[in-house]
Amino acid sequence: SPGCKLTSIIKTVSEMGCVLPVPEKHSVLRMFDNFQSDLFTQIDNLSYVLCNEAQFYDLFTSDLDACRKTAVILSPYLTARRITLLESTLRELKAKKVKTVVWTKDPLDLGTTAEAHEQCSEMLKKLGLKVIFRSGTHEKAVILDGEIAYYGSLNPLSQRDTRETMLRVKDE
């Protein structure tokens, strides 16, 4: 919708190029320096949060746990290791009847890793997720219940040891 925060942020990013100003008061990176037990209550009150790979998965799994209707995950790469780490959370989505779709690279785009990618796709299907192959895709994003969106450089279903960032936007 035209008035939502995500639309405003996308418009700002489009006008500025690839640089997005994130006000210091909303930076989760600063909050995580002094971890507190009520951190996720604090985060839930923020419209947007910038996190790195060290904080992303705790926040992501918390949001998946709260997801009730739909989950869309754009992750060009898949690894058995990351899917296994997220398995119980992904299995719970199926139990809650959350419609979950993963958009990922077409195995034909991957050459020598195509077979492993297809095996990971089968793992996701067995967990109850719909997998859609898309040639040339490289987007990394997550949209939960049409209310929470993540967008950034982190592959949600494969990240291992690279430095990444994700912007989490919560529509109000």
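Residues numbered from 1 in each chain as written. Predicted model: local features only at pLDDT ≥ 70, side-chain atom pairs only at ≥ 80, totals over all residues. Heavy atoms only, no water.

A. Region of the structure containing the overall build of the protein chain. Of the regular secondary structure elements, the protein chain holds 6 helices and 7 strands. For the protein chain, with 172 residues in total, the buried portion stands at 42%. Of the contacts formed within the protein chain by residues at least 6 apart in sequence, a portion of 72% connects residues at least 24 apart. Entry remark: accessible area of the protein chain is about 9,600 Å², with carbon and sulfur atoms responsible for 52%. (Helix = DSSP H or I, 4+ residues; strand = E, 2+ residues; numbered from the N terminus. Buried < 20%, exposed > 50% of the residue type's maximum accessible area, 1.4 Å probe, protein only. Contact = heavy atoms within 4.5 Å. Areas by Shrake-Rupley, 256 points an atom, 1.4 Å probe, with all protein chains shown as cover.)

B. Fine view of the packing of aromatic side chains. Within the structure shown, the criterion is met by 5 aromatic pairs. Judged by centre distance (5.0 Å) and plane angle (15 degrees), the ring pair of F56 and F60 falls under stacked. With F56 and F60 both in helix α4 (residues 53–66) and 4 residues apart, the pair spans about one turn of that helix. Just above the ring of Y57 sits the side chain of R82; from NZ or CZ to the centre is 3.7 Å. (Phe/Tyr/Trp six-rings, centres within 6.5 Å; stacked < 30°, edge-to-face > 60°. Lys NZ or Arg CZ within 6 Å of the ring centre and 35° of its normal.)

C. The sheet that holds strand β6 (residues 148–152), seen in detail. Across the sheet, 7 strands lie side by side as β1-β7-β6-β5-β2-β3-β4; this open sheet has mixed pairing. Unpaired on one side and paired on the other, β1 (48–52) and β4 (130–134) mark the two borders of the sheet. Mean inter-strand twist for the sheet, computed between neighbouring axes without regard to direction, equals 15 degrees. Pairing of strand β2 (residues 70–74) with strand β3 (residues 99–105), which is carried by 5 bridges, proceeds in the parallel orientation. Looking at β3, one finds that L74 is bridged to W103. In the packing of α4 onto the sheet, contacts are made with β1, β2, β5 (141–144), β6 and β7 (165–170), and the angle to β1 comes to roughly 130 degrees. (Pairing = 2+ DSSP bridges. Axes fitted to C-alpha atoms, helices over the stretch in contact; angles between N-to-C directions.)

D. The packing of α4 against helix α5 (residues 80–95), seen in detail. Where α4 contacts α5, the axes come no closer than 9 Å and their chain directions differ by 20 degrees. In this view, α4 runs roughly parallel relative to α5, as classed from their interaxial angle. The chirality of how α4 crosses α5 is right-handed. Between α4, through Y57, F60, T61, L64 and D65, and α5, the contact on the second element is made entirely by R82, L86, T89 and L93. (Parallel < 35°, antiparallel > 145°, perpendicular 65-115°, else oblique. Left-handed = near helix turned anticlockwise from the far one by under 90°.)

E. Layout of the pairing of β5. Looking at chain direction, β2 and β5 are connected through 4 bridges and run antiparallel. Bridge pairing in β5 places I73 opposite V142. As paired elements, β5 and β6 share 4 bridges and run antiparallel to each other. The residue of β6 that forms the bridge with I143 is A149. The turn joining β5 and β6, which pair antiparallel and follow one another in sequence, is formed by 3 residues; a positive phi near 55 degrees is taken by D145.

F. Molecular detail of α4. Compared with the 20 Å implied by 1.5 Å per residue over 14 residues, the 20 Å span of α4 between its first and last C-alpha is a close match. Looking at α4, one finds that the buried residues are E53, Q55, F56, Y57, L59, F60, T61, D63 and L64. The distance from a side-chain oxygen at the start of α4 to the backbone nitrogen of A54 is 2.8 Å, and the residue carrying that oxygen is N52. (Expected span 1.5 Å × (residues − 1). Polar contact = N/O pair within 3.5 Å; in protein donor to acceptor, adjacent residues only side chain to side chain.)

G. Region of the structure containing the environment of A149. For A149, the location among the structural elements is in strand β6. Distance from A149 to V72, taken between C-alpha atoms, is 9.3 Å for residues 77 residues apart in sequence.

H. Region of interest: the nonpolar core. In this structure, F56, F60, L124 and Y150 are the most contacted members of the largest nonpolar core, which totals 30 residues. If you list the elements that add at least two residues to this core, you get β1, α4, β2, α5, α6 (114–126), β5 and β6. Setting aside residues up to four positions removed in sequence, F60 forms contacts with I73, L86, V142 and Y150. (Core = buried A, V, L, I, M, F, W, Y, C linked by side-chain atoms within 4.5 Å.)

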